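Coordinate inspection notes
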Amino acid sequence: MADREAVTTSQPYQLEEPGLWVERIGTAAFPVGTPALFLDRDGTINVDSGYPSDPADIVLRPEMLPVIRTANIVGLPAIVVSNQSGIARGYFGWPDFAAVNAWLLALLEAQNCRIDLVLACAYHSSGTGELAVGDHPMRKPNPGMLLRARDLLGVDISRSIIVGDKADDMEAGRRAGLCEGWLVHGRSNRTSGDGMFATRKLTTSNDHSKLCETIAELGGIRFSFR
């Protein structure tokens, strides 16, 4: 297990602008045109504890570990895209986010799971100062973070997928031009009115197995997880 004190004090701040964190993790190279696995953070990778600002509050959702690990194995970049309005609202600051982010990455690494890129948007209409921006293009359901990741890594956005626990995650995926999204605790599968984006439910162990199979196929590998 990683030492929490070590990872929380050494993490640099990766701000492209006052309300946008963009952090490339590691040096893994991906061919241009590789599809990506986009992941929400709170409520998807870790249990949603409500504006987490303390590394001690981070608890991984174990059912997501095989999902991330599959992406790593088949060569798809795993990209976190997270709204962090708690910063704009003044509940915590970027130093607290940095500590939580570093600890989450360490916990995942201990489980042989690698994240390749982290983006976080702090802008919110209820914020103060320069973070008080309503409907910022980087904040989900807008697609800005996904499109920024596309540009950074050269991924094929049209074959990429997103996993999240909110309708805003699915809408961000649809607006970005992804092929499908997997909704944590979703009740049914459905397709957008234009037929271009499918939302899959992610509730049972069988759903998680199907998601792993989908990721493997995107990486050019066919095998069953059931």
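First things first, this report covers the structure right here in the doc. (Residues numbered from 1 in each chain as written. Predicted model: local features only at pLDDT ≥ 70, side-chain atom pairs only at ≥ 80, totals over all residues. Heavy atoms only, no water.)

Points about the environment of Ala-29
Within the fold, Ala-29 resides in the loop between strand E2 (20-24) and strand E3 (37-39). When the C-alpha positions of Ala-29 and Asp-116 are compared, they lie 9.6 Å apart, and in sequence the two are 87 residues distant. (Helix = DSSP H or I, 4+ residues; strand = E, 2+ residues; numbered from the N terminus.)

Focus: the side chain of Asp-207
Mapped onto the secondary structure, Asp-207 falls in helix H7 (residues 205-218). Look at Asp-207 and you get buried, because its relative accessible area is 4%. One polar contact links Asp-207 to Lys-201, side chain to side chain, over a distance of 3.2 Å. Here Asp-207 is in contact with Trp-182, Lys-201 and Leu-202, once residues within four sequence places are set aside. (Buried < 20%, exposed > 50% of the residue type's maximum accessible area, 1.4 Å probe, protein only. Polar contact = N/O pair within 3.5 Å; in protein donor to acceptor, adjacent residues only side chain to side chain. Contact = heavy atoms within 4.5 Å.)

Side note on the sheet that holds E3
Spatial ordering of the open sheet is given by E1-E2-E5-E4-E3-E6-E7-E9-E8, a layout of nine strands whose pairing is mixed. Each having just a single partner strand, strand E1 (15-17) and strand E8 (190-191) make up the two edges of the open sheet. Its contacts with the sheet put helix H5 (residues 144-153) on E1, E2, E3, strand E4 (78-83), strand E5 (117-121) and strand E6 (161-164), and the angle it makes with E5 is roughly 150 degrees. (Pairing = 2+ DSSP bridges. Axes fitted to C-alpha atoms, helices over the stretch in contact; angles between N-to-C directions.)

Here we look at the packing of aromatic side chains
Under the criterion given, the structure shown has four aromatic pairs. Taken together, a centroid distance of 5.3 Å and an interplanar angle of 90 degrees make the contact between Trp-94 and Phe-97 edge-to-face. Note that Trp-94 and Phe-97 are positioned in helix H4 (residues 94-110) at a spacing of three residues, about one turn of the helix. Overall, the relative accessible area of 10% leaves Trp-94 in the buried class. Members of the aromatic cluster, connected to one another through ring pairs, are Trp-21, Trp-94 and Phe-97. (Phe/Tyr/Trp six-rings, centres within 6.5 Å; stacked < 30°, edge-to-face > 60°.)

Quick look at the pattern of salt bridges
For the structure shown, the criterion picks out 14 salt bridges. Among the ionic pairs, Arg-159 bridges to Asp-156, the shortest N-O distance being 3.0 Å. A salt bridge links Lys-166 to Asp-165; its shortest N-O distance comes to 3.3 Å. Among the charged side chains, a network of salt bridges with common partners joins Asp-40, Lys-140 and Asp-169. (Salt bridge = Lys/Arg side-chain N within 4 Å of Asp/Glu carboxyl O.)

Details of H5
The complete set of buried residues in H5 reads Gly-144, Met-145, Leu-146, Ala-149 and Leu-153. The positive-phi residue at the C-terminal boundary of H5 is Gly-154, with phi of around 70 degrees.

Focus on the nonpolar core
With 69 residues, the main nonpolar core has Phe-38, Leu-39, Ile-79, Leu-108, Ile-115, Val-163 and Ile-215 as its most contacted residues. The leading source of residues in this core is H4, at 10 residues. When near neighbours in sequence (up to four residues on either side) are disregarded, Phe-38 contacts Ile-79, Val-81, Leu-146, Ala-149, Ile-157, Ser-160, Ile-161, Ile-162, Val-163 and Leu-178. (Core = buried A, V, L, I, M, F, W, Y, C linked by side-chain atoms within 4.5 Å.)

Things to note about unusual backbone geometry
Residue Lys-140 is joined to Pro-141 through a cis peptide bond whose omega torsion reads 20 degrees. Backbone geometry at Asn-112 places phi at a positive 60 degrees, although glycine is not the residue there. Here Asn-112 shows up in the loop between H4 and E5. Phi is positive for Asp-135, close to 55 degrees, though the residue is something other than glycine. Following the sequence through the fold, Asp-135 ends up in the loop between E5 and H5.

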